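# Structural overview for review
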Amino acid sequence: GAVVSQHPSRVICKSGTSVKIECRSLDFQATTMFWYRQFPKQSLMLMATSNEGSKATYEQGVEKDKFLINHASLTLSTLTVTSAHPEDSSFYICSARALSTGYLDQPQHFGDGTRLSIL
Amino acid sequence: DQQVKQNSPSLSVQEGRISILNCDYTNSMFDYFLWYKKYPAEGPTFLISISSIKDKNEDGRFTVFLNKSAKHLSLHIVPSQPGDSAVYFCAASAIQGAQKLVFGQGTRLTINP
């Protein structure tokens, strides 16, 4: 099945540090990747849609200068949390959808997430 | 505004019996529905999906039913196995929504031996 790799799985760092999270589709190409955030015991909330070769589309309330997204190739998207603060601590998950001719053909496949803890 | 709702936060089922997880939605533009299974500290794993042109889709022990008039879908797992214990999320998307998924809150399923 489709595999999405997310790295690192866990990050602990000091307040003010910038953290980069990578999301790779290992066995398929993805023009679109998605970044989600999950708070404890809550659902996944979409942060932004990452499009290869173009600017990301951010959901309402998500600061694009705080969460920088780069989708440099058909298999890699990165999320950089800039100048992270304790309130940015969360579980971040990416997903990717394989190239397809049909809208309904391919589900999104998720990485294993990154647990970010800002001290 | 919770467009996708899973009203049961938890469900406990005996091994071998049927597990039924429910999901309701409010946006009539949704045309693609998915179920994901999630373990702690891991990303969701895709289980099964259904498009709005169907009312049933089956894959092994998993069957998803869609009732568009009621804006309701359900996931049936039969027979239930201990390895099915996890949090299950339903998700929905609309073709106009650029493939964005809207998730429910999740239901924690526990299969008892």
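Residues numbered from 1 in each chain as written. Chains lettered and ligands numbered in written order. Predicted model: local features only at pLDDT ≥ 70, side-chain atom pairs only at ≥ 80, totals over all residues. Heavy atoms only, no water.

So, about the sheet that holds strand β3 (residues 19-25) of chain A. Residues and elements named next belong to chain A. Across the sheet, 4 strands lie side by side as β1-β3-β8-β7; this open sheet has antiparallel pairing. Unpaired on one side and paired on the other, β1 (4-7) and β7 (67-73) mark the two borders of the sheet. Ignoring strand direction, the axes of neighbouring strands in this sheet form an average angle of 15 degrees. The sheet contact formed by β7 and strand β8 (residues 76-81) spans 5 bridges and is antiparallel. Residue pairing across strands places leucine 68 opposite threonine 80, the latter belonging to β8. (Pairing = 2+ DSSP bridges. Helix = DSSP H or I, 4+ residues; strand = E, 2+ residues; numbered from the N terminus. Axes fitted to C-alpha atoms, helices over the stretch in contact; angles between N-to-C directions.)

Turning our attention to the interface of chain A and chain B. Each partner contributes to the interface: chain A provides 23 residues, whereas chain B provides 22 residues. The contact between chain A and chain B buries some 1,700 Å² in all, and 61% of this surface belongs to carbon and sulfur atoms. Seen at the junction of chain A and chain B, the total is 1 salt bridge. A:Glu59 is paired through a salt bridge with B:Lys100; the nearest N and O atoms lie 3.0 Å apart. Listed by contribution, the elements that provide at least two residues to the side of chain A that touches chain B are β4 (32-38), β5 (44-51), β9 (90-97) and β10 (108-110) of chain A. The biggest single contributor to the side of chain A that touches chain B is β4(A), with 4 residues. Classifying every residue of the side of chain A that touches chain B by side-chain character gives 10 nonpolar, 10 polar and 3 charged. (Contact = heavy atoms within 4.5 Å. Buried area = accessible area lost by both parts, 1.4 Å probe. Salt bridge = Lys/Arg side-chain N within 4 Å of Asp/Glu carboxyl O. Nonpolar A, V, L, I, M, F, W, Y, C, P; charged D, E, K, R; others polar.)

Turning to the pattern of salt bridges, a few remarks are in order. A full pass over the atoms with the stated rule returns 4 salt bridges over all chains. Residues A:Arg24 and A:Glu22 are paired through a salt bridge, measuring 3.4 Å at the closest nitrogen-oxygen approach. The class for A:Arg24 is partly exposed, based on a relative accessible area of 35%. Across the pair B:Arg61 and B:Asp84 runs a salt bridge, and its minimum N-O distance is 2.8 Å. You can see B:Arg61 sitting in the loop between β6 (56-59) and β7 (62-67) and its partner B:Asp84 sitting in the loop between β8 (72-77) and β9 (86-93), a full 23 residues away along the chain. B:Asp84 gets classed as buried once you look at its relative accessible area, which sits at 2%. (Buried < 20%, exposed > 50% of the residue type's maximum accessible area, 1.4 Å probe, protein only.)

On the surface, a nonpolar cluster with roughly 230 Å² of combined accessible area is contributed by B:Ile18, B:Ile20 and B:Val78. Taking relative accessible area as the criterion, B:Ile18 reaches 40% and is therefore assigned partly exposed. (Patch = residues over 30% accessible without salt bridge, like charges linked within 9 Å, V, L, I, M, F, W, Y side chains within 5 Å. Areas by Shrake-Rupley, 256 points an atom, 1.4 Å probe, with all protein chains shown as cover.)

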